[in-house]
Amino acid sequence: MIWTELESELAALADKHLLRTRKTLESGCNTHMMVSGKSLLAFCSNDYLGLASHPLIGQAICDAVKRWGTGSGGSHVVNGHMLPHQQLEEALADFVGADRALYYSTGYMANIGVVPTLVGRGDAVFADRLNHASLIDAVQLSRAEHRRYAHKDMAQLEKMLAASDAKRKLILTDAVFSMDGDIAPLKELFDLAERYDAWLVLDDAHGFGVLGLEGRGSLSHFGMPFHPRMVYVGTLGKAAGVSGAFVAGASTVIEYLMQRSRSYIFTTASSPIIASALLTALELIKTGESRRKQLRALSQCLRDGLSGTAWQLLPSSTAIHPVVVGGNEAVLKVSKALMDSGIWVPAIRPPTVPQGAARLRISLSASHTLDDVKRLTDALREIE
Ligand SMILES: *Cc1c(COP(=O)(O)O)cnc(C)c1O
């Protein structure tokens, strides 16, 4: 029977310790989360600035619902584009220093909207091997040739670009790698894009709000101005604490996306109350230097707390701090041991990370205290 195949595939996943499970949270996203009546100290969210539970954003939603109701009622290109969406796009473009921005419902949709709109059959995408799954899917959807270079290997990328006779070329990378926490060499990538007349598409899901002046993101981190060949994707469900994403770039690029990008056009605009909430979140990001400072202090505390132990952190200047354990079963064991002491650090396994590189992904939030981090490092030292 056609469905029994699924049963055996599920059983095979379980054998390989690759089954995913969900926990049902009985509290909101914060540094402590209630699961099955138990409060866990959590290092698992992407709520890097602690905005997911910020009362001012909640208030913005309450105010907005009175004026705008709940639903947008249609696509942005028909009747779903309301004043808060427009204001948000303008504020986002201004914030990251681009001509214009387009607001998408999620980062996944932004990515699958951008890549297939800019390239297609006969073109080539040059992608970092550790790119996020949504970027991989975006390339497949585009039907362009998918050339993957070793993580941050600019020499290999250059060789591929030089050898390519594709009509259009597009370099595609996470700006901050989601499971490693390191930053892509944006200056070198831009130089190569210039030399080979390629698009440079940056997915800054983990840099927006965290890196750069006032949290303006990875380009600001490197002091790089916008350029017409750059397309910047920022997501709004991580540091911004709400949901959604935006694509920023030159006016022509954004106009073209608005006309052609299928995941922008053929979907209902997200609720105007979300856009209103994001306007407040953006203000909190801008004025949130103390939160970013706290993040840096917490990161240092984590490094100090684990130095000299078997728990080797990958180098990271962001809020993401992975500890590579290796095997799937081994990482699950560590994660479970932490859970037994009331601490939630997720075990990240293939296909999210390469085979044999399963890891704990410790993510910090500005709402954590130094004591929270100390509890984690003490617990890891216990398990060691
Ligand atoms: C989370 C993430 C996305 C997807 O964004 P959503 O808004 O969650 O859909 C895209 N790219 C990267 C690198 C991410 O980490």
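Residues numbered from 1 in each chain as written. Predicted model: local features only at pLDDT ≥ 70, side-chain atom pairs only at ≥ 80, totals over all residues. Heavy atoms only, no water.

Another aspect to go through is the sheet that holds strand β11 (residues 343–344). Pairing in this open sheet of 3 strands is mixed, and the strands run β1-β2-β11 from one edge to the other. Looking at the sheet topology across the chains shown, the edges are occupied by β1 (32–35) and β11. Both β1 and strand β2 (residues 38–42) contribute to a ladder of 4 bridges, which runs antiparallel. By the bridge assignment for β2, Met 33 is matched with Leu 40. (Pairing = 2+ DSSP bridges. Helix = DSSP H or I, 4+ residues; strand = E, 2+ residues; numbered from the N terminus.)

Burial within strand β10 (residues 320–326) is extensive, with 5 of its 7 residues counted as buried. Both β10 and strand β13 (residues 358–363) contribute to a ladder of 6 bridges, which runs antiparallel. Bridged to Pro 322 within β13 is Arg 361. (Buried < 20%, exposed > 50% of the residue type's maximum accessible area, 1.4 Å probe, protein only.)

Before going further, it helps to spend a moment on a nonpolar patch on the surface. A cluster of nonpolar side chains, namely Met 1, Ile 2, Trp 3 and Leu 6, defines an oily patch on the protein surface of about 530 Å² accessible area. Its location among the elements puts Ile 2 in the segment before α1 (4–15). (Patch = residues over 30% accessible without salt bridge, like charges linked within 9 Å, V, L, I, M, F, W, Y side chains within 5 Å. Areas by Shrake-Rupley, 256 points an atom, 1.4 Å probe, with all protein chains shown as cover. Salt bridge = Lys/Arg side-chain N within 4 Å of Asp/Glu carboxyl O.)

Our focus in this paragraph is the sheet that holds strand β8 (residues 230–235). Here we have 7 strands laid out as an open sheet, ordered β3-β9-β8-β7-β6-β4-β5, and mixed in their pairing. Edge strands, defined here as strands with exactly one partner in the open sheet, are β3 (100–104) and β5 (145–149). Averaged over all neighbouring strand pairs, the angle between strand axes comes to 20°, with direction disregarded. By the bridge criterion, 5 bridges tie strand β6 (residues 169–174) to strand β7 (residues 199–203) in an arrangement that is parallel. Along β7, the bridge assignment pairs Leu 172 with Val 201. Strands in contact with helix α5 (residues 133–142) are β4 (124–128), β5, β6 and β7; relative to β6, the strand with the most contacts, it is inclined by about 160°. Where helix α6 (residues 154–163) meets the sheet, its contacts fall on β4, β5 and β6, and the angle it forms with β5 comes to roughly 150°. (Axes fitted to C-alpha atoms, helices over the stretch in contact; angles between N-to-C directions. Contact = heavy atoms within 4.5 Å.)

The next thing to look at is the side chain of Thr 117. Secondary-structure assignment places Thr 117 in helix α4 (residues 107–118). Separated by 2.5 Å, the side chain of Thr 117 and the backbone oxygen of Gly 113 make a polar contact. Once residues within four sequence positions are removed from consideration, Thr 117 is found in contact with Tyr 256, Leu 257, Arg 260 and Ser 261. (Polar contact = N/O pair within 3.5 Å; in protein donor to acceptor, adjacent residues only side chain to side chain.)

It is worth spelling out the packing of helix α3 (residues 83–96) against helix α11 (residues 272–286) at this point. Where α3 contacts α11, the axes come no closer than 8 Å and their chain directions differ by 25°. Between α3 and α11, the angle is such that the two are roughly parallel. Between α3 and α11 the crossing geometry is left-handed. The segment α3 lies against α11, with Pro 84, His 85, Gln 87, Leu 88, Ala 91, Leu 92 and Phe 95 engaging Pro 272, Ala 275, Ser 276, Leu 278, Leu 279, Leu 282, Ile 285 and Lys 286. Split into classes, the residues belonging to the contact of α3 with α11 amount to 11 nonpolar, 3 polar and 1 charged. (Parallel < 35°, antiparallel > 145°, perpendicular 65-115°, else oblique. Left-handed = near helix turned anticlockwise from the far one by under 90°. Nonpolar A, V, L, I, M, F, W, Y, C, P; charged D, E, K, R; others polar.)

Attention now goes to the packing of aromatic side chains. Scanning all chains against the criterion turns up 5 aromatic pairs. Ring plane angle 70° and centroid distance 5.2 Å describe the contact between Phe 208 and Phe 246, whose orientation is recorded as edge-to-face. In this pair, Phe 208 is assigned in the loop between β7 and α8 (218–221) and Phe 246 in strand β9 (residues 245–249), connecting sequence segments 38 residues apart. Both residues of the pair, Phe 208 and Phe 246, belong to the buried class. (Phe/Tyr/Trp six-rings, centres within 6.5 Å; stacked < 30°, edge-to-face > 60°.)

When the domains of the protein are assigned, the result is domain 1 (21–49 + 288–383) and domain 2 (55–286). In this assembly, 21 residues from domain 1 lie in contact with 21 residues from domain 2. For the pairing of domain 1 and domain 2, the buried interface totals around 1,600 Å² over both sides, and the portion due to carbon and sulfur atoms is 58%. Here Asp 180 and Arg 359 are joined by a salt bridge, their closest N and O atoms 3.2 Å apart. In this assembly, domain 1 and domain 2 are joined by 11 residue pairs in polar contact (both at pLDDT 80 or more). Of all the secondary structure elements, the ones that give two or more residues to the side of domain 1 that touches domain 2 are α12 (289–306), β10 and β13. A breakdown of the residues in the side of domain 1 that touches domain 2 according to their chemical character gives 10 nonpolar, 6 polar and 5 charged. (Domains from an automatic or database assignment. Buried area = accessible area lost by both parts, 1.4 Å probe.)

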